[in-house]
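One-letter residues, chain by chain:
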Amino acid sequence: MSVQKVEEYLKQFHIEHKIQILEQSSATVELAAEAVGCEPARIAKTLSFFVGPQPILIVTAGDVKVDNKKYKQEFGTKAKMISFRDVEKIIGHAPGGVCPFAVNRGIKVYLDQSLQRFQTVYPAAGSGNSAIEMNLKELKECSKAEKWIDVCKKAE
(Lines give C-alpha, C1' and ligand atoms only; values in the text may rest on other atoms or scores of the structure.)
Protein backbone atom coordinates (compact mmCIF):
# COMPACT_ATOMS: atom_id res chain seq x y z
CA MET A 1 0.00 0.00 0.00
CA SER A 2 1.29 3.41 -0.95
CA VAL A 3 0.56 5.09 2.42
CA GLN A 4 2.87 2.65 4.18
CA LYS A 5 5.53 3.36 1.55
CA VAL A 6 5.17 7.11 2.18
CA GLU A 7 5.17 6.60 5.96
CA GLU A 8 8.37 4.55 5.75
CA TYR A 9 9.94 7.18 3.47
CA LEU A 10 9.01 10.09 5.77
CA LYS A 11 10.60 8.41 8.81
CA GLN A 12 13.98 9.77 7.68
CA PHE A 13 12.55 13.29 8.18
CA HIS A 14 10.83 12.40 11.49
CA ILE A 15 7.39 13.57 10.35
CA GLU A 16 5.69 10.28 9.48
CA HIS A 17 3.43 10.73 12.53
CA LYS A 18 1.83 13.75 10.80
CA ILE A 19 0.14 11.59 8.12
CA GLN A 20 -3.64 11.73 8.43
CA ILE A 21 -5.76 8.79 7.28
CA LEU A 22 -9.11 10.35 6.48
CA GLU A 23 -12.60 8.91 6.89
CA GLN A 24 -13.63 10.20 3.48
CA SER A 25 -12.00 10.45 0.08
CA SER A 26 -9.36 13.12 -0.50
CA ALA A 27 -8.89 12.20 -4.16
CA THR A 28 -9.85 15.66 -5.45
CA VAL A 29 -8.92 19.13 -4.23
CA GLU A 30 -12.48 19.82 -3.04
CA LEU A 31 -12.82 16.50 -1.21
CA ALA A 32 -9.38 16.86 0.39
CA ALA A 33 -10.12 20.41 1.58
CA GLU A 34 -13.38 19.25 3.13
CA ALA A 35 -11.72 16.21 4.75
CA VAL A 36 -8.86 18.16 6.37
CA GLY A 37 -10.87 21.32 7.03
CA CYS A 38 -8.97 23.91 5.01
CA GLU A 39 -9.52 26.11 1.98
CA PRO A 40 -9.07 24.28 -1.36
CA ALA A 41 -6.10 26.48 -2.31
CA ARG A 42 -4.03 24.93 0.53
CA ILE A 43 -4.34 21.45 -0.95
CA ALA A 44 -1.00 20.74 -2.63
CA LYS A 45 -2.00 18.82 -5.73
CA THR A 46 0.68 16.77 -7.44
CA LEU A 47 0.44 16.64 -11.24
CA SER A 48 2.29 14.11 -13.44
CA PHE A 49 3.85 15.10 -16.76
CA PHE A 50 6.36 13.95 -19.35
CA VAL A 51 9.15 16.27 -20.46
CA GLY A 52 10.25 14.24 -23.48
CA PRO A 53 10.68 10.72 -22.06
CA GLN A 54 11.35 12.04 -18.52
CA PRO A 55 8.44 11.80 -16.06
CA ILE A 56 8.16 14.77 -13.68
CA LEU A 57 5.86 15.89 -10.89
CA ILE A 58 4.72 19.45 -10.30
CA VAL A 59 3.17 20.29 -6.93
CA THR A 60 0.78 23.25 -7.14
CA ALA A 61 -1.78 25.03 -5.00
CA GLY A 62 -5.28 23.62 -5.24
CA ASP A 63 -6.78 26.71 -6.83
CA VAL A 64 -4.51 27.04 -9.87
CA LYS A 65 -3.98 25.27 -13.15
CA VAL A 66 -0.94 24.85 -15.35
CA ASP A 67 -0.41 27.71 -17.79
CA ASN A 68 0.76 26.15 -21.08
CA LYS A 69 2.82 29.20 -22.07
CA LYS A 70 4.67 29.33 -18.73
CA TYR A 71 5.17 25.54 -18.79
CA LYS A 72 6.74 25.73 -22.26
CA GLN A 73 9.03 28.59 -21.13
CA GLU A 74 10.19 26.51 -18.15
CA PHE A 75 10.58 23.11 -19.81
CA GLY A 76 11.01 23.98 -23.49
CA THR A 77 8.15 21.75 -24.54
CA LYS A 78 4.37 21.52 -24.47
CA ALA A 79 2.74 20.16 -21.30
CA LYS A 80 1.94 16.46 -21.73
CA MET A 81 0.23 14.82 -18.77
CA ILE A 82 0.87 11.16 -18.00
CA SER A 83 -2.29 9.17 -18.78
CA PHE A 84 -4.50 8.14 -15.86
CA ARG A 85 -3.87 4.44 -16.54
CA ASP A 86 -0.07 4.84 -16.58
CA VAL A 87 0.39 7.09 -13.54
CA GLU A 88 0.75 4.37 -10.89
CA LYS A 89 3.22 2.31 -12.95
CA ILE A 90 5.37 5.33 -13.85
CA ILE A 91 5.16 7.42 -10.66
CA GLY A 92 4.58 4.79 -7.99
CA HIS A 93 1.26 6.13 -6.64
CA ALA A 94 -2.26 5.71 -7.99
CA PRO A 95 -4.31 8.70 -9.18
CA GLY A 96 -5.95 10.41 -6.20
CA GLY A 97 -2.99 9.56 -3.98
CA VAL A 98 -0.13 10.89 -6.09
CA CYS A 99 2.28 12.80 -3.90
CA PRO A 100 5.92 13.88 -4.21
CA PHE A 101 7.20 11.38 -1.60
CA ALA A 102 8.44 7.82 -2.10
CA VAL A 103 8.11 8.03 -5.87
CA ASN A 104 9.84 5.76 -8.36
CA ARG A 105 13.51 6.40 -9.14
CA GLY A 106 14.37 9.12 -11.59
CA ILE A 107 11.22 11.21 -11.11
CA LYS A 108 12.06 14.90 -10.80
CA VAL A 109 9.84 17.00 -8.54
CA TYR A 110 9.16 20.73 -8.94
CA LEU A 111 7.22 23.02 -6.62
CA ASP A 112 5.09 25.78 -8.08
CA GLN A 113 5.29 29.26 -6.58
CA SER A 114 1.50 29.23 -6.12
CA LEU A 115 2.15 27.37 -2.84
CA GLN A 116 4.39 30.10 -1.40
CA ARG A 117 1.50 32.21 -0.08
CA PHE A 118 0.76 29.62 2.64
CA GLN A 119 2.48 28.73 5.91
CA THR A 120 1.40 25.09 5.56
CA VAL A 121 -0.12 22.98 2.79
CA TYR A 122 -1.65 19.52 2.52
CA PRO A 123 -0.25 17.12 -0.09
CA ALA A 124 -1.60 13.57 -0.34
CA ALA A 125 0.34 10.83 1.43
CA GLY A 126 0.04 8.00 -1.07
CA SER A 127 -3.68 7.19 -1.13
CA GLY A 128 -7.01 8.74 -2.03
CA ASN A 129 -7.87 9.15 1.66
CA SER A 130 -4.67 10.55 3.15
CA ALA A 131 -2.96 13.88 3.64
CA ILE A 132 -0.10 15.40 5.57
CA GLU A 133 0.14 18.98 6.76
CA MET A 134 3.61 20.41 6.21
CA ASN A 135 5.33 23.74 5.97
CA LEU A 136 7.09 24.71 2.75
CA LYS A 137 10.57 23.90 4.09
CA GLU A 138 9.39 20.37 4.93
CA LEU A 139 7.71 20.04 1.54
CA LYS A 140 10.87 21.07 -0.32
CA GLU A 141 13.12 18.84 1.79
CA CYS A 142 10.85 15.77 1.85
CA SER A 143 10.01 15.94 -1.85
CA LYS A 144 13.69 16.48 -2.74
CA ALA A 145 12.36 19.08 -5.19
CA GLU A 146 14.65 20.35 -7.92
CA LYS A 147 13.50 23.95 -7.47
CA TRP A 148 10.60 26.38 -7.23
CA ILE A 149 9.06 27.19 -10.61
CA ASP A 150 6.28 29.45 -11.91
CA VAL A 151 4.09 27.49 -14.34
CA CYS A 152 0.56 28.14 -13.09
CA LYS A 153 -2.26 30.63 -13.41
CA LYS A 154 -5.42 31.18 -11.40
CA ALA A 155 -8.13 28.72 -12.41
CA GLU A 156 -11.14 30.46 -13.96
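On a predicted model such as this, the values are computed, not experimentally measured, just so you know. All residue numbers here refer to positions counted from 1 along the written sequence of the relevant chain. The model is predicted, so local features are restricted to residues of pLDDT at least 70 and side-chain atom pairs to those at 80 or more, both for listing and for counting; the totals for chains, interfaces and linings are taken over all residues. Only hydrogens and water are set aside when side-chain values are computed; all heavy atoms of the structure are taken into account.

Undergrad: So what exactly am I meant to see when it comes to the overall build of the protein here?
TA: For the protein, the count of helices and strands is 5 helices and 11 strands. On C-alpha atoms alone, the protein measures out to a radius of gyration of 14 Å, which is about the 15 Å that the 2.2 N^0.38 rule sets for 156 residues. When burial is assessed residue by residue, the protein has 51% of its 156 residues classed as buried. Expressed as a percentage of contacts within the protein between residues at least 6 apart in sequence, the contacts between residues at least 24 apart total 64%. In these tables, accessible area is a Shrake-Rupley quantity obtained with a 1.4 Å probe, and a residue counts as shielded only by the protein chains included in the view. Carbon and sulfur atoms provide 49% of the accessible area of the protein, an area that totals close to 8000 Å². As used throughout, the charge tally considers Lys and Arg to be positive and Asp and Glu to be negative, leaving His and the chain termini uncounted. Taken as the charge centre is NZ of Lys, CZ of Arg, CG of Asp or CD of Glu, depending on the residue. Charged side chains of the protein number 22 positive and 19 negative; the gap between the two group centres comes to 8 Å. Only DSSP runs of H or I with at least four residues qualify as helices, and only runs of E with at least two residues qualify as strands; both kinds are numbered from the N terminus onward. For the radius of gyration, the atoms used are the C-alpha atoms, and the globule rule reads 2.2 Å times the number of residues raised to 0.38. In this scheme, a residue with accessible area under 20% of its type's maximum is buried, one over 50% is exposed, and one in between is partly exposed, where area comes from a 1.4 Å probe on protein chains only. Only heavy atoms matter for contacts: two residues are in contact if any of them lie within 4.5 Å across the pair.

Undergrad: How should the UniProt feature "domain: YbaK/aminoacyl-tRNA synthetase-associated" (unreviewed entry) in the protein be read in this particular structure?
TA: UniProt positions are given in the numbering used here, feature names are shortened, and annotations may be inferred rather than shown by experiment. Mapped onto this structure's residue numbering, the UniProt feature "domain: YbaK/aminoacyl-tRNA synthetase-associated" (unreviewed entry) falls at residues 26-141. The straight-line gap between the two end C-alpha atoms of residues 26-141 is 23 Å; of that span, 23% is helix and 30% is strand.

Undergrad: Could you clarify how one ought to interpret the pattern of salt bridges in this entry?
TA: As a working rule, side chains carrying opposite charge can pair if their charged atoms are close by. The salt bridge definition used is simple: a Lys or Arg side-chain nitrogen within 4 Å of an Asp or Glu carboxyl oxygen. The tally for this structure, following the rule as stated, stands at 9 salt bridges. Linking Glu138 and Lys18 is a salt bridge whose minimum nitrogen-to-oxygen distance equals 3.0 Å. Placement of Glu138 in helix H5 (residues 136-143) and of Lys18 in the loop between helix H1 (2-10) and strand E1 (19-21) is noted, with a sequence separation of 120 residues between them. Residue Glu74 pairs with Lys147 through a salt bridge whose shortest N-O separation is 2.8 Å. With a gap of 73 residues between them, Glu74 in helix H3 (residues 68-75) and Lys147 in the loop between H5 and strand E10 (148-149) connect regions that are remote in the sequence. You can call Glu74 partly exposed: its relative accessible area is 28%. One salt-bridge network, in which partners are shared between bridges, spans Asp63, Arg117 and Lys154.

Undergrad: It is not clear to me how the pairing of strand E6 (residues 108-112) should be interpreted in this structure. Could you clarify?
TA: With respect to burial, E6 is a largely interior element, 4 of its 5 residues being buried. Between any two strands, pairing holds if DSSP finds at least two bridges. As paired strands, strand E3 (residues 54-60) and E6 are joined by 4 bridges and run parallel to one another. Looking at E6, one finds that Ile56 is bridged to Lys108. Relative to E10, E6 runs parallel, the two being bridged by 2 bridges. Paired with Leu111 across the two strands is Trp148, which belongs to E10.

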